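Spelled out, the chains give:
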Amino acid sequence: MDNTSVTSTTSVTGTSGAAAGEGLLAGKVAFVSGAGRGIGAAAARLFAQEGARVLLAARTEAQLAAVTEEVGAAGGTAEYVVCDLADSASVRAAVDRAVDVFGRLDVAFNNGATIQRPGPMDRMEEADFDQIYDVNLKGVWLAMVAEISAIRATAGTGAVVNNSSVGSLMGNPELPAYGAMKRAVNSLTESAAVTYGPEGIRVNAIAPGNTPTDMISAWEQDSPGLRERLTAHTPLRRAADPREIAQAAAWLLSDRASYVTGTVLRVDGGARA
């Protein structure tokens, strides 16, 4: 069943430096999932500021509409589509929407994800595990397949960045299913880089550390003192701003990273150093 509904707000590109073709992503069409809040919203704003025309996708229309309006008010160009990452038809329709609206697809940031309730794996319900799999792994795979097809058919070459996590880089007893799916995303990223590199399509991932998002807030409700513990284990002794994570994704998607593919870039303030 196709659960995608399409509602959009488009703004005319303003007079910012990005609009003049000087931005990191100038002239590119970008697809961003999980774009209604947190890192995804920060990425949508940044990508537009850097000159991209952006298609925002997520489940919550009110959040998407608000971010799209912000992009337009700042002089950028964006539209949005409501998308369920666990539904294959919805994902395909969302990516196709970028091509329908903007005529092509150059780059994509697969940021959308969901978090599990913290705790040992033997206390996790099967239905909860399936949901983490459907969104955090299968959803990324579905998006990559659709995005690579769209890039190949329109722009010809391009780049994809998947949002992983530092929690994928070692044992993760508090979030075992979440960590496992993100580690699998790393493997998908590397495999895709090898497969599509000869076509000029680069695929990378970023692994953010402690970042103040709704997911961290949900985790902290079950783990009081979480933020303090994460900060204490971060050499920079602070959390990242979501925009700092988005900056790493923007660079990997840009032509300035033209010889970078198949990497999982830690953006964690040194937490895994």
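Okay, so let's go over this structure. (Residues numbered from 1 in each chain as written. Predicted model: local features only at pLDDT ≥ 70, side-chain atom pairs only at ≥ 80, totals over all residues. Heavy atoms only, no water.)

1. Thoughts on the nonpolar core
Here comes step 1: Phe47, Val54, Leu56, Phe109, Ile206 and Leu253 are the most contacted members of the largest nonpolar core, which totals 38 residues.
Here comes step 2: Of all the elements in the fold, those that place two or more residues in this core are β1 (29–33), α2 (38–49), β2 (53–58), α3 (61–73), β3 (77–82), β4 (107–110), β5 (158–163) and α9 (242–253).
Here comes step 3: When residues in this core are grouped by element, the largest group, 8 residues, is from α2.
Here comes step 4: Those residues within four positions of Ile206 in sequence are excluded, and the remaining contacts are Phe109, Val161, Asn162, Asn163, Ser164, Ser165, Ile245, Ala248, Ala249, Leu252, Leu265 and Val267.
Here comes step 5: Counting residues in hydrophobic clusters, the runner-up holds 33 residues, among them Leu55, Met144, Met181 and Val203. (Core = buried A, V, L, I, M, F, W, Y, C linked by side-chain atoms within 4.5 Å. Buried < 20%, exposed > 50% of the residue type's maximum accessible area, 1.4 Å probe, protein only. Helix = DSSP H or I, 4+ residues; strand = E, 2+ residues; numbered from the N terminus. Contact = heavy atoms within 4.5 Å.)

2. Examining empty space enclosed by the protein
Here comes step 1: Evaluation of the coordinates by the stated rule reveals 1 cavity of 30 Å³ or more.
Here comes step 2: Quantified by volume, the largest cavity comes out at close to 40 Å³.
Here comes step 3: Lining the largest cavity, in full, are Ser33, Leu85, Asn110, Asn111, Gly112, Val135, Gly139, Val140 and Ala143.
Here comes step 4: The greatest single-element share of the lining of the largest cavity, amounting to 4 residues, is contributed by helix α5 (residues 126–153).
Here comes step 5: In terms of residue class, the lining of the largest cavity is built from 4 nonpolar, 5 polar and no charged. (1 Å grid on protein atoms, 1.4 Å probe; cavity = no way out; pocket = protein on both sides within 12 Å on 5 of 7 lines; lining within 4 Å. Points joined across faces, edges and corners; volume = space filled by probe spheres on them. Nonpolar A, V, L, I, M, F, W, Y, C, P; charged D, E, K, R; others polar.)

3. Considering the pairing of β3
Here comes step 1: When you tally the buried positions in β3, you get 6 out of 6 residues, the bulk of the element.
Here comes step 2: Neither face of β3 is left uncovered, since the one carrying Thr77, Glu79 and Val81 and the one carrying Ala78, Tyr80 and Val82 both have all their residues buried.
Here comes step 3: Since β2 and β3 lie parallel, the crossover through α3 that links them has a hand, and here it is right-handed. (Right-handed = clockwise from strand over helix to strand, strands pointing away.)

4. Some words on the packing of α5 against helix α6 (residues 176–196)
Here comes step 1: At a minimum axis distance of 9 Å, the contact between α5 and α6 shows a crossing angle of 20°. When the interaxial angle is binned, α5 and α6 end up roughly parallel. Classified by chirality, the crossing of α6 by α5 is right-handed. Residues Phe129, Ile132, Tyr133, Asn136, Leu137, Val140, Trp141, Met144, Ile148 and Arg152 of α5 form the contact with α6, whose participating residues are Ala177, Tyr178, Met181, Ala184, Val185, Leu188, Ala192 and Tyr196.
Here comes step 2: When grouped by side-chain class, the residues that make up the contact of α5 with α6 number 16 nonpolar, 1 polar and 1 charged. (Axes fitted to C-alpha atoms, helices over the stretch in contact; angles between N-to-C directions. Parallel < 35°, antiparallel > 145°, perpendicular 65-115°, else oblique. Left-handed = near helix turned anticlockwise from the far one by under 90°.)

5. Some words on the layout of surface pockets
Here comes step 1: Volume-wise, the largest pocket comes out at about 1100 Å³.
Here comes step 2: Around the largest pocket, the lining comprises 50 residues; the ones closest to its centre are Ile115, Tyr178, Thr213, Met215 and Ile216.
Here comes step 3: The set of elements that each furnish at least two residues to the lining of the largest pocket consists of α2, α5, α6, α7 (214–222) and α8 (226–232).
Here comes step 4: With 4 residues, α7 is the single largest residue contributor to the lining of the largest pocket.
Here comes step 5: In terms of residue class, the lining of the largest pocket is built from 20 nonpolar, 22 polar and 8 charged.

6. A short note on the packing of aromatic side chains
Here comes step 1: Scanning the entire structure with this criterion turns up 1 aromatic pair.
Here comes step 2: Relative to Phe109, the ring of Phe47 lies with its centre 6.2 Å away and its plane at 55°, an arrangement referred to as tilted. Linking Phe47 in helix α2 with Phe109 in strand β4, this pair joins segments that are 62 residues apart in sequence.
Here comes step 3: The class of Phe109 is buried, set by a relative accessible area of 0%. (Phe/Tyr/Trp six-rings, centres within 6.5 Å; stacked < 30°, edge-to-face > 60°.)

7. Overview of α5
Here comes step 1: The terminal C-alpha atoms of α5, which comprises 28 residues, lie 39 Å apart, in line with the 40 Å expected from a rise of 1.5 Å per residue.
Here comes step 2: The largest bend along α5 measures about 40° and falls at Lys138. (Expected span 1.5 Å × (residues − 1). Bend = angle between axes of the 7 residues up to and from the residue.)

8. What to know about the environment of Val145
Here comes step 1: With respect to the helices and strands, the residue Val145 is situated in helix α5.
Here comes step 2: With relative accessibility at 39%, the residue Val145 sits in the partly exposed group.

9. Thoughts on the sheet that holds β4
Here comes step 1: Read across the sheet, 7 strands follow the order β3-β2-β1-β4-β5-β6-β7 without closing on themselves; strand pairing throughout is parallel. Edge strands, defined here as strands with exactly one partner in the open sheet, are β3 and β7 (264–267). Pairs of neighbouring strands in the sheet enclose a mean axial angle of 20°, with direction left out of account.
Here comes step 2: As judged from the 5 bridges shared by β1 and β2, these two strands associate in the parallel manner. Bridge pairing links Ser33 to Ala57 in β2. (Pairing = 2+ DSSP bridges.)

10. Here's the deal with the pattern of salt bridges
Here comes step 1: Using the criterion set out here, one finds 7 salt bridges in the structure.
Here comes step 2: In this structure, Arg238 engages Glu244 in a salt bridge whose closest nitrogen and oxygen atoms are separated by 2.9 Å.
Here comes step 3: For Arg238, a relative accessible area of 42% gives the class partly exposed.
Here comes step 4: When the shortest N-O distance is used, the salt bridge between Asp268 and Arg266 registers 3.7 Å.
Here comes step 5: Look at Arg266 and you get partly exposed, because its relative accessible area is 43%. (Salt bridge = Lys/Arg side-chain N within 4 Å of Asp/Glu carboxyl O.)

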